[in-house]
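What follows is the residue order along each chain.
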Amino acid sequence: MAGSTLASAGRDLARHRAALAAAVALAALCLVALAAPWLSPHAAGAIDLARPALAPGADASHGWGTDRLGRDVFARTMQGLRISLLIGLAAALVSAVIGVAWGAVAGYAGGRIDAVMMRIVDILYALPFVFFVIILATLFGRGSVPVLLAAIASVGWLTTARIVRGQALALRRQGFIDAARAMGSSGGRILWRHILPNVAGPVIAYTALTVPQMIIYESFLSFLGLGVQEPLASLGSLISEGARDMESAPWLLLAPAACLTLLTLSLNVLGDGLRDVLDPRTHP
Amino acid sequence: MMRYALARIIGLFPTLLLLVTAAFFVIRLAPGGPFDEERALPPQVRANLEAAYGLDAPLATQYLRYVGGLLRGDLGPSFKHKDMGVNELIAGGLPVSAALGAVALALGLLLGVPLGCLAALHRAGPVDLGATIVTALALALPAFVLGPLLSLAFGLQLRWLPAAGWENGSLRHALLPVITLAAPVMAYSARLVRSGLLEVLGADYIRAARARGLGQRRIVLAHALRPALLPLVGWLGPAAAVVLTGSLIVETVFGIPGAGRFLVEGALNRDYTLVMGMIVVYGVATLLCNLAADLAYGWLDPRIRRP
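Every value quoted in this text rests on a predicted model; they were computed, and no experiment measured them.

Visitor: Is there a simple way to think about the overall build of chain A in this case?
Guide: Looking only at helices and strands, chain A features ten helices and zero strands. Reported as C-alpha extents along the three principal axes, the dimensions of chain A are approximately 75 × 45 × 30 Å. Across the 284 residues that make up chain A, the buried fraction comes to 51%. Within the structure as shown, chain A displays about 12,800 Å² of accessible surface, and the carbon and sulfur contribution to it stands at 67%. For chain A, the separation between the mean place of its 21 positive charges and that of its 16 negative charges on side chains is 13 Å.

Shown next as structure tokens:
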């Protein structure tokens, strides 16, 4: 059943013109980012102090110009794009797993367990996100990618938990769950076999919309100097660098800003399309 | 309604206490301390400093002292800003941040709500398409991208407005920061109002109103808009968080003397009381916005008020 649902969702998505265009743009962007080491003669971190702050086009081999240390802007922006994308995808996946587990257990257990678990979610919602991540970053050292990932994912799971909990709460009263229980299925088996397949649509849709959020969060932290550190770069740290030099070398800001905007725009539009297709609540 | 509101207000205090407690102990778990300098202090000086700020007492005692001070409205002394209390520091920056945030929130809603209405009423027409494109762009341009880009375009290239600075909040200086903060609010509210209105316009009682021969304007303003605003009102709590984190960026980009910088600066310096003070302020602000959203929800939709 799940297979045919996904297949029909795929057909619906192919008819969604905006989502299709976004998927094509996204694929092209990812392809260029992955192929960048072979497209550019310069390595991302290669310093060339003889050619600092070249404007785009001033040197044929530096199509997007260079930064103050003579590093190729194209190679560095594409490296930033790869890192931002990687952290965004991983954080969205981690937060989806935590959110689904938390919400499914709370909703299926119900009663006091549910009340306590969702109260925790409410309290975490009230925590200003930045503070939470700053604490994590200071606890375990700045610039560590796993810490960054954990910090970002720790905020993303809250909404997933709420969505899944609501669905699980509605499902646990239904006849087929009672039937499964009467046939001796354990709680874990009911969650895995009966609850999870029924929440898959909204969860996939919401997770797709989480990816751009996670990318923005990561870049936000890197912009504040709390995220990815030199010599590595994410789009956020490149934008922060570019913003400092934008008076003399605006291309240092424009290249990563354009890439981040295109990335989040295509991910958002694709995510909206997925939600239209997968989430029954948004069907007209 | 009064009892409902009162119960909700009392319910805020345990949440706030939990927040303060968790934050207090997590911050103290972090390695390093406020008196770690490049050059190590002589042990006696360090011991005196720690005694003067009460850091030599057991952690539990320090915690009780902090909560006691908090109940009297005292956020304690700052460890890094000499001779300054956290109250004074925050009182210096918060009015700027709050004014900026409030204006941006209001502007975002003033632009977003009508835009969402127009898009819903002209569904799939050119207005709807335009609104979709504008909101999609605004959501893809976070504050740390939009802020520097606006500053570059209107400040450095066109020279219409100052690229940075504050000058006590003169209109020319405040315009770009306010636009940066208002953009996501506008986009979210337009989308929420559009989808809310589309859902309501399909309801039976709207069809009934049409059947009674009411005009479109009357139907929208008198019958459809109020329930259609519910999702937007529910979003107001998170909206406060959007503006709060955005203000952190905007204050950095445009060099605005607000309170946002204290959070990052305080955490990096292990200025325990300053970080705690900012958490209390942000926590209270978020909780109050959520409460306001809940109360407005109850007012718009009487079904929720039932105990």
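Visitor: What exactly am I supposed to notice about the interface of chain B and chain A here?
Guide: Think of interface size as the accessible area that goes away when the parts come together; that is how it is often given. With 39 residues of chain B at the contact, the number on the chain A side is 33 residues. Of the roughly 3,100 Å² buried between chain B and chain A on both sides combined, carbon and sulfur atoms contribute 82%. Sorting the residues of chain B by area buried against chain A places B:A140, B:F144 and B:L152 first, and these three jointly supply 17% of that buried surface. Summed over the shared surface of chain B and chain A, the number is one salt bridge. For B:R191, the salt bridge goes to A:D272, with nearest N and O atoms at 3.1 Å. Joining chain B to chain A, the criterion identifies three residue pairs in polar contact (both at pLDDT 80 or more). Of all the secondary-structure elements, those providing two or more residues to the side of chain B that touches chain A are helix 1 (2-29), helix 5 (126-140), helix 6 (143-157), helix 10 (230-254), helix 11 (260-268) and helix 12 (272-300) of chain B. Per-element accounting of the side of chain B that touches chain A gives the leading share, eight residues, to helix 1 of chain B. Across the side of chain B that touches chain A, the residue classes tally to 30 nonpolar, seven polar and two charged.

Visitor: Even after reading the chapter, I still don't get the side chain of A:T160, so can you show me in this structure?
Guide: One can find A:T160 in helix 6 (residues 145-171). Contact partners of A:T160, with chain neighbours within four places excluded, come to A:A96, A:G99, A:V100 and A:Y206.

Visitor: In this structure, what is going on with the packing of aromatic side chains? I would like to understand it.
Guide: All names here are of chain B. Enumeration over the complete set of coordinates arrives at eleven aromatic pairs over all chains. When the centroid spacing of 5.3 Å and the interplanar angle of 75° are considered together, the rings of F24 and F25 count as edge-to-face. The exposure class of F24 is buried, given its relative accessible area of 3%. For F25, a relative accessible area of 30% puts it in the partly exposed group. For the ring pair F24 and Y66, a centre distance of 6.0 Å and an interplane angle of 40° mean the geometry is tilted. In this pair, F24 is assigned in helix 1 and Y66 in helix 3 (residues 59-71), connecting sequence segments 42 residues apart.

Visitor: Before we go on, may I ask you to explain the packing of helix 6 of chain B against helix 7 (residues 171-201) of chain B in this structure?
Guide: Two packed helices can be described by the angle between their axes and the distance between those axes. Residues and elements named next belong to chain B. Running from N to C, helix 6 and helix 7 point in directions that differ by 145°, and their axes come no closer than 9 Å. Helix 6 and helix 7 meet at a crossing whose hand is right-handed. Here helix 6 contributes A143, L146, G147, L150, S151 and F154 to the contact with helix 7, which in turn contributes L176, I179, T180 and A183. Partitioned by chemical class, the residues of the contact of helix 6 with helix 7 number seven nonpolar, three polar and no charged.

Visitor: Would you mind showing me how to read the nonpolar core here?
Guide: Inside soluble globular proteins, nonpolar side chains tend to come together where they are buried. Grouped together as the largest cluster of nonpolar side chains are 109 residues, with contacts concentrated most on A:L81, A:L263, B:F144 and B:M276. The greatest single-element share of this core, amounting to eleven residues, is contributed by helix 12 of chain B. Here B:F144 is in contact with A:I216, A:S219, A:F220, A:F223, A:I239, A:L260 and B:I249, once residues within four sequence places are set aside. Formed by 19 residues, the second largest nonpolar core is a distinct cluster that contains B:V113, B:A120, B:V200 and B:L232.

Visitor: For this particular structure, what's the right way to read the side chain of B:S189?
Guide: All names here are of chain B. Checked against the element boundaries, S189 lands in helix 7. Relative accessible area serves as the criterion here: at 0%, S189 is assigned to the buried category. Among the polar contacts listed, one links the side chain of S189 to the backbone oxygen of V185, at a separation of 2.7 Å. Ignoring any residue separated from it by four or fewer positions in sequence, one finds S189 in contact with G108, L109, G112, V113 and L232.

Visitor: How do you make sense of the confidence of the model for chain B when you look at a structure like this?
Guide: Do not read the fine detail of predicted coordinates wherever pLDDT is low. Chain-level pLDDT for chain B is 85 on average; 97% of the residues reach the 70-or-more range. Reported for the predicted complex are a pTM of 0.84 and an ipTM of 0.82.

Visitor: Explain the pattern of salt bridges to me, please; I cannot follow it from the model alone.
Guide: Charged atoms that come close allow side chains of opposite charge to pair. Using the criterion set out here, one finds eleven salt bridges over all chains in the structure. Across the pair A:R76 and A:D67 runs a salt bridge whose closest N-O atoms are separated by 3.6 Å. The pair formed by A:R76 and A:D67 is uniform in burial state, with each residue classed as buried. Linking B:R194 and B:D128 is a salt bridge whose minimum nitrogen-to-oxygen distance equals 2.8 Å. Remark: B:D128 occurs in helix 5 and B:R194 occurs in helix 7; sequence separation between them is 66 residues. The partly exposed category is assigned to B:R194, whose relative accessible area is 24%. Connected through salt bridges with shared partners, the residues A:D67, A:R71, A:R76 and A:E241 form a single ionic network.

Visitor: What am I meant to see in helix 3 of chain B here?
Guide: The periodicity of an α-helix, 3.6 residues per turn, causes residues three or four places apart in sequence to face the same way. Residue and element names in this part refer to chain B. The first and last C-alpha atoms of helix 3 sit 18 Å apart over 13 residues, in line with the 18 Å expected at 1.5 Å per residue. Along helix 3, the residues that are buried comprise Q62, Y63, Y66, V67 and G69. Along the long axis of helix 3, the arc covered by the buried residues comes to 160°, so they all point the same way. Along helix 3, exposed side chains directed more than 90 degrees from the buried face belong to L64 and L71. Among the structural elements, helix 1 and helix 12 are those in contact with the buried residues of helix 3. Of the residues flanking the end of helix 3, it is G73, one or two places downstream, whose phi is positive at about 80°.

Visitor: Looking at this model, I keep getting lost on a nonpolar patch on the surface. Mind explaining?
Guide: Residue and element names in this part refer to chain A. Among the surface-exposed residues, I47, L49 and L69 lie close enough to one another that they form a single nonpolar patch of about 290 Å² accessible area. By the secondary structure assignment, L69 is in the loop between helix 2 (17-39) and helix 3 (73-109). On the basis of relative accessibility, which here comes to 34%, the residue L69 falls in the partly exposed class.

Parameters and conventions
- Residues numbered from 1 in each chain as written.
- Chains lettered and ligands numbered in written order.
- Predicted model: local features only at pLDDT ≥ 70, side-chain atom pairs only at ≥ 80, totals over all residues.
- Heavy atoms only, no water.
- Helix = DSSP H or I, 4+ residues; strand = E, 2+ residues; numbered from the N terminus.
- Buried < 20%, exposed > 50% of the residue type's maximum accessible area, 1.4 Å probe, protein only.
- Areas by Shrake-Rupley, 256 points an atom, 1.4 Å probe, with all protein chains shown as cover.
- Lys, Arg positive; Asp, Glu negative; His and termini not counted.
- Charge placed at Lys NZ, Arg CZ, Asp CG, Glu CD.
- Contact = heavy atoms within 4.5 Å.
- Buried area = accessible area lost by both parts, 1.4 Å probe.
- Salt bridge = Lys/Arg side-chain N within 4 Å of Asp/Glu carboxyl O.
- Polar contact = N/O pair within 3.5 Å; in protein donor to acceptor, adjacent residues only side chain to side chain.
- Nonpolar A, V, L, I, M, F, W, Y, C, P; charged D, E, K, R; others polar.
- Phe/Tyr/Trp six-rings, centres within 6.5 Å; stacked < 30°, edge-to-face > 60°.
- Axes fitted to C-alpha atoms, helices over the stretch in contact; angles between N-to-C directions.
- Left-handed = near helix turned anticlockwise from the far one by under 90°.
- Core = buried A, V, L, I, M, F, W, Y, C linked by side-chain atoms within 4.5 Å.
- pLDDT = per-residue confidence, 0-100.
- Expected span 1.5 Å × (residues − 1).
- Arc of directions from axis to C-beta.
- Patch = residues over 30% accessible without salt bridge, like charges linked within 9 Å, V, L, I, M, F, W, Y side chains within 5 Å.

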